[in-house]
Each structure stands twice: as C-alpha cells, then as structure tokens.
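Observations on the model geometry
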Amino acid sequence: MDGYHKFALMQLNSWSAFCHDPNIIQSYRWIQFDLGVNNIIGAIKLQERDNIEEYTTSFKLQYSDDGIAWIDYNEQGEQVAKGFDGTHDRNTIKVYNLEYPPMHRYLRFVPLTRNSGRPCNRLNICRCATS
C-alpha cells in the first residue's frame, strides 16, 4: 500500500485506521510525520479503529528537526517522556493539548501499549505554521 492510502486510512472519522504489526519490535513501531517546515504542534487528536476493537491504550510523542535525532516530548522540567492515555471508544475523538508545544519539522506518534488487538489509530496533528 502506498503512503497516500496509509495516510487516508488514519484520518479521523474514516472507515478504518492505520494499524501497526504487533510482531514488529516495539522500538520500530511508530507513525512519523514530515510537516515540511518547522511547526508549532499544539495538540494531537486521536480516535480508535472504527470497525474492530483494536486500539492504542497509551502512547508517547517524539519530535525532531532532521528526522534522525529524536527527542521525547515531556512536560517542562521533567526528565522522562510524557506518557498519554489512549482511547477506549470508537466514535469519540480525544484531544491531547500539549502544555509546552514543540516547534519542529518531524513528529512521531509512538504506541506503547494496546488492547488485545493491534495498536490501530486514526489521528490528526493540530499545528500552526511559522515563518
């Protein structure tokens, strides 16, 4: 499947979701976004898969300027990655406002735990372009 179709599957309120293979080693299981230029990333919107009970129960975010070196998102003053609770409802869109929004070109959504199925997601990045 090409990148466009994978992206279409993970759109909010779509009929499906982007699902990670549970057999892939955890450190290689993520969705990466190239925003083109540095953006202030203010929030993430997340929705679980529509047609099957497969969803992410917790996740973290990472960001990068070059797509090579990654930094875990954390709250100001904290030294560890902030963990976010996932979703548990097919229809509800859960909004995660970032208290200290990063400004970077690349973002990774990293599932940490899942229900008994695969970690599946429909998501949206809320961003503000910068000059």
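Refer to the structure above for everything that follows.
Below: a short report on this structure. Keep in mind the model is a prediction, meaning the values are calculated, not measured.

**Observations regarding the overall build of the protein chain**
- A tally of regular secondary structure across the protein chain gives one helix and eight strands.
- Out of the 131 residues belonging to the protein chain, those deemed buried represent 41%.
- Taking contacts inside the protein chain between residues at least 6 apart in sequence as the whole, the part at least 24 apart equals 80%.
- In the form shown here, the protein chain has an accessible surface area of approximately 7300 Å², with 50% of it arising from carbon and sulfur atoms.

**Details of the pairing of strand 3 (residues 56-64)**
- Among the nine residues in strand 3, nine count as buried, and that is most of the element.
- Taken together, the eight bridges between strand 3 and strand 7 (residues 103-114) define a ladder with antiparallel strand orientation. Along strand 7, the bridge assignment pairs Leu-61 with Phe-109.
- By the bridge criterion, two bridges tie strand 3 to strand 5 (residues 84-85) in an arrangement that is antiparallel. If you follow Ser-58 over to strand 5, its bridge partner there is Asp-85.

What counts and how
Residues numbered from 1 in each chain as written. Predicted model: local features only at pLDDT ≥ 70, side-chain atom pairs only at ≥ 80, totals over all residues. Heavy atoms only, no water. Helix = DSSP H or I, 4+ residues; strand = E, 2+ residues; numbered from the N terminus. Buried < 20%, exposed > 50% of the residue type's maximum accessible area, 1.4 Å probe, protein only. Contact = heavy atoms within 4.5 Å. Areas by Shrake-Rupley, 256 points an atom, 1.4 Å probe, with all protein chains shown as cover. Pairing = 2+ DSSP bridges.

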